[in-house]
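Letter by letter, the chains look like this.
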Amino acid sequence: MDALTADEQLIARFALQLLREKKLSDDVFAAAQKLLGTRGVVDLTLTCSYYTAINMAQIALKPEME
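Residues numbered from 1 in each chain as written. Predicted model: local features only at pLDDT ≥ 70, side-chain atom pairs only at ≥ 80, totals over all residues. Heavy atoms only, no water.

Attention now moves to the overall build of the chain. From N to C terminus, the chain includes two helices and zero strands. Radius of gyration (C-alpha) of the chain: 14 Å, far over the 11 Å computed for a compact globule of 66 residues. Taken along its principal axes, the extent of the C-alpha atoms in the chain is 40 × 25 × 20 Å. Relative to its full complement of 66 residues, the chain shows a buried share of 18%. A separation threshold of at least 6 residues defines the contact pool for the chain, and within that pool the share at least 24 residues apart is 37%. Total accessible area on the chain is roughly 5,400 Å²; 59% of this is exposed by carbon and sulfur atoms. (Helix = DSSP H or I, 4+ residues; strand = E, 2+ residues; numbered from the N terminus. Rg over C-alpha atoms; globule rule 2.2 N^0.38 Å. Buried < 20%, exposed > 50% of the residue type's maximum accessible area, 1.4 Å probe, protein only. Contact = heavy atoms within 4.5 Å. Areas by Shrake-Rupley, 256 points an atom, 1.4 Å probe, with all protein chains shown as cover.)

In structure tokens form, the structure reads like this:
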């Protein structure tokens, strides 16, 4: 993650904690809210959730890809 800016590292930490640990530390949440605002944190959370749902559907349904 060294090639990422500080803001990008924060977004990556947010996503990794959310998806791997299924929880967010208070400091990561607060930093994300400071950077993105409440609406941005909601958008980021829903984006992570959306792509996770798509991935699960692909695993379960095994659609044929062209």
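Looking now at the packing of helix H1 (residues 6-21) against helix H2 (residues 26-61). At a minimum axis separation of 10 Å, H1 and H2 run at an interaxial angle of 50 degrees. Regarding the angle of H1 to H2, the classification is oblique. The way H1 lies across H2 gives a crossing that is right-handed. Facing Asp-7, Leu-10, Ile-11, Arg-13, Phe-14, Ala-15, Gln-17, Leu-18 and Leu-19 of H1, the residues of H2 in contact are Val-28, Ala-31, Ala-32, Leu-35, Leu-36, Val-41, Leu-44, Thr-45, Cys-48 and Thr-52. Here the contact of H1 with H2 is composed, by residue class, of 14 nonpolar, three polar and two charged. (Axes fitted to C-alpha atoms, helices over the stretch in contact; angles between N-to-C directions. Parallel < 35°, antiparallel > 145°, perpendicular 65-115°, else oblique. Left-handed = near helix turned anticlockwise from the far one by under 90°. Nonpolar A, V, L, I, M, F, W, Y, C, P; charged D, E, K, R; others polar.)

The full count for this structure, using the stated rule, is one aromatic pair. Between the aromatic rings of Tyr-50 and Tyr-51, the centroid separation amounts to 5.2 Å while the plane-to-plane angle is 80 degrees, which identifies the pairing as edge-to-face. (Phe/Tyr/Trp six-rings, centres within 6.5 Å; stacked < 30°, edge-to-face > 60°.)

With that out of the way, let us pick up the environment of Asp-43. Looking at the secondary structure, you find Asp-43 in helix H2. When its relative accessible area of 36% is taken as the criterion, Asp-43 is described as partly exposed. In the structure, Asp-43 is positioned 20 residues away from Pro-63 in sequence and 27 Å away in space, judged by C-alpha atoms.

Formed by Leu-10, Phe-14, Ala-15, Leu-18, Val-28, Ala-32, Val-41, Leu-44 and Cys-48, the largest nonpolar core amounts to nine residues. Those elements that provide at least two residues to this core are H1 and H2. Of the residues forming this core, the biggest block, five residues, is contributed by H2. The contacts of Val-41, once residues within four sequence positions are left out, are Phe-14, Phe-29, Ala-32, Gln-33 and Leu-36. (Core = buried A, V, L, I, M, F, W, Y, C linked by side-chain atoms within 4.5 Å.)

So, on to unusual backbone geometry. With phi around 60 degrees, Lys-22 is a residue other than glycine that occupies positive phi space. As for its placement among the helices and strands, Lys-22 is situated in the loop between H1 and H2.

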